[in-house]
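Residue-level structure breakdown
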Amino acid sequence: MFIDSHCHLDFACFSDQFDSLLTQLNQQQITKLVIPATQASGWSAIMQLANSHSALYYALGLHPHFLENFQVQNLTQLHSQLSICDKKCIALGEIGLDKFAPASFVQQEFVFVEQLKIAQQLKLPIILHCVKKQNRVLELLKQQFFTQGGVYHAFSGSLEMAHAFIKLGFKLGIGGVITYPNSTKTRETVANLPIESILLETDAPDMPLYNQSTKINTPLNILPIFNCLAELRKESKSLLAKQLYENSCSIFSLNND
Ligand SMILES: [Zn+2]
């Protein structure tokens with residue numbers, strides 16, 4: 001069985017094919033999926049979606065790329081919503097810093113740090129979005145004494161950087177980037193990471209796989225990503241699949257069934 005630890009199934013591009021996609025995912029043994037939020041206006045739709053399908057879980061948060069409609073009261077709303085959330089809510093996310101996001105770094109850091117405080121208070125892991133800001137994110141996590149850990153989603157980078165996040169209680173989300181033959185550094189890192197520190201994700205509909213850029217990325221791509229990972233790590237597929245499943249369950253406190 002597999003878990004897609006990061007996919008945006010609430011995006012409009014999936015609405016037409018939603019039911020058939022869920023049936024196919026179930027047939028392929030992809031039995032749990034986590035939908036992280038991007039902005040406050042999407043929270044209620046995500047909650048509704050996750051509560052009408054047993055395979056779906058979710059996180060609420062404010063993504064650094066979607067701050068154009070951000071209002072400071074979104075942070076209070078986030079705190080109150082997460083305080084009364086149902087069992088399907090398993091993290092705060094996705095949050096972080098992104099070098100290429102249009103919002104200023106001052107605003108991104110403010111929103112990120114305030115959300116770290118909420119996660120720490122409510123004892124929730126975070127889903128971290130971090131693009132070319134790894135050192136600053138590490139600094140802020142330490143400054144805030146953040147101890148809830150979480151997932152560094154769509155990890156790419158060196159083994160040393162990966163270990164700096166693992167030390168702070170993070171697991172690393174491994175996605176389509178490893179299918180690109182020219183992602184040499186990330187492929188090498190992923191091959192050498194401790195098996196307990198990695199999760200699978202598609203980030204659907206973003207991040208198409210190598211040679212698939214014309215097709216829409218769906219959580220069904222967990223399987224080709226898994227096959228690529230098993231090849232890179234030269235591990236038994238059944239052992240790897242079992243461990244990946246357990247890793248997702250443990251970081252998000254999901255039932256390991
Ligand atoms: Zn995402």
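These figures come from a predicted structure and were not determined experimentally.

Around the zinc ion, the protein contributes the donor atoms His 6 (NE2), His 8 (NE2), Glu 94 (OE) and Asp 203 (OD), which lie 2.1 to 2.7 Å from the metal centre. The coordination sphere of the zinc ion comprises four donor atoms, whose angles at the metal cover 85 to 170 degrees; the geometry is irregular. Read N to C, the donor residues that coordinate the zinc ion are spaced as H-x1-H-x85-E-x108-D.

We now examine the nonpolar core. Counting 74 residues, the largest nonpolar core has Phe 112, Ile 126 and Phe 165 as its most contacted members. Here the element with the most residues in this core is helix H8 (residues 222-233); it accounts for eight residues. Apart from residues no more than four positions distant in its own chain, Phe 112 is found in contact with Ile 95, Gly 96, Leu 97, Ile 126, Leu 128, Val 137, Leu 140 and Leu 141.

With that out of the way, let us pick up the pattern of salt bridges. All chains considered together, the criterion is met by five salt bridges. Among the salt bridges present, the one from Glu 109 reaches Arg 136, with a minimum N-O distance of 2.7 Å. One end of the pair, Glu 109, is in helix H4 (residues 105-122); the other, Arg 136, is in helix H5 (residues 134-143), and 27 residues separate them in sequence. Since its relative accessible area comes to 26%, Arg 136 is described here as partly exposed. Across the pair Lys 242 and Glu 246 runs a salt bridge, and its minimum N-O distance is 3.3 Å. Of this pair, Lys 242 and Glu 246 are both found in helix H9 (residues 237-252), four residues apart, which corresponds to roughly one turn of the helix. Residue class for Glu 246 comes out partly exposed when judged on its relative accessible area of 28%.

For the rest of this paragraph, the subject is the pairing of strand S4 (residues 89-98). Burial runs high along S4: 10 of the 10 residues are buried. Relative to S4, strand S3 (residues 56-60) is paired through three bridges, and the arrangement is parallel. Looking at S4, one finds that Tyr 58 is bridged to Cys 89. With six bridges connecting them, S4 and strand S5 (residues 126-131) associate as parallel partners. Bridging across to S5, Leu 92 finds its partner in Ile 126.

What follows is about the packing of H5 against helix H6 (residues 159-167). Packing of H5 against H6 brings their axes to within 11 Å, and their N-to-C directions diverge by 20 degrees. The pairing of H5 with H6 is recorded here as roughly parallel in orientation. Crossing handedness for the pair H5 and H6: left-handed. Within the contact between the two elements, H5 uses Gln 134, Asn 135, Val 137, Leu 138 and Leu 141 and H6 uses Met 161, Ala 164 and Phe 165. For the contact of H5 with H6, the residue count by class is six nonpolar, two polar and no charged.

Procedures and definitions
Residues numbered from 1 in each chain as written. Predicted model: local features only at pLDDT ≥ 70, side-chain atom pairs only at ≥ 80, totals over all residues. Heavy atoms only, no water. Donors = N, O, S within 2.8 Å, 3.2 Å for Na, K, Ca; no water. Tetrahedral: all angles 85-135°; square planar, octahedral: opposite > 155°, others 65-115°. Core = buried A, V, L, I, M, F, W, Y, C linked by side-chain atoms within 4.5 Å. Buried < 20%, exposed > 50% of the residue type's maximum accessible area, 1.4 Å probe, protein only. Helix = DSSP H or I, 4+ residues; strand = E, 2+ residues; numbered from the N terminus. Contact = heavy atoms within 4.5 Å. Salt bridge = Lys/Arg side-chain N within 4 Å of Asp/Glu carboxyl O. Pairing = 2+ DSSP bridges. Axes fitted to C-alpha atoms, helices over the stretch in contact; angles between N-to-C directions. Parallel < 35°, antiparallel > 145°, perpendicular 65-115°, else oblique. Left-handed = near helix turned anticlockwise from the far one by under 90°. Nonpolar A, V, L, I, M, F, W, Y, C, P; charged D, E, K, R; others polar.

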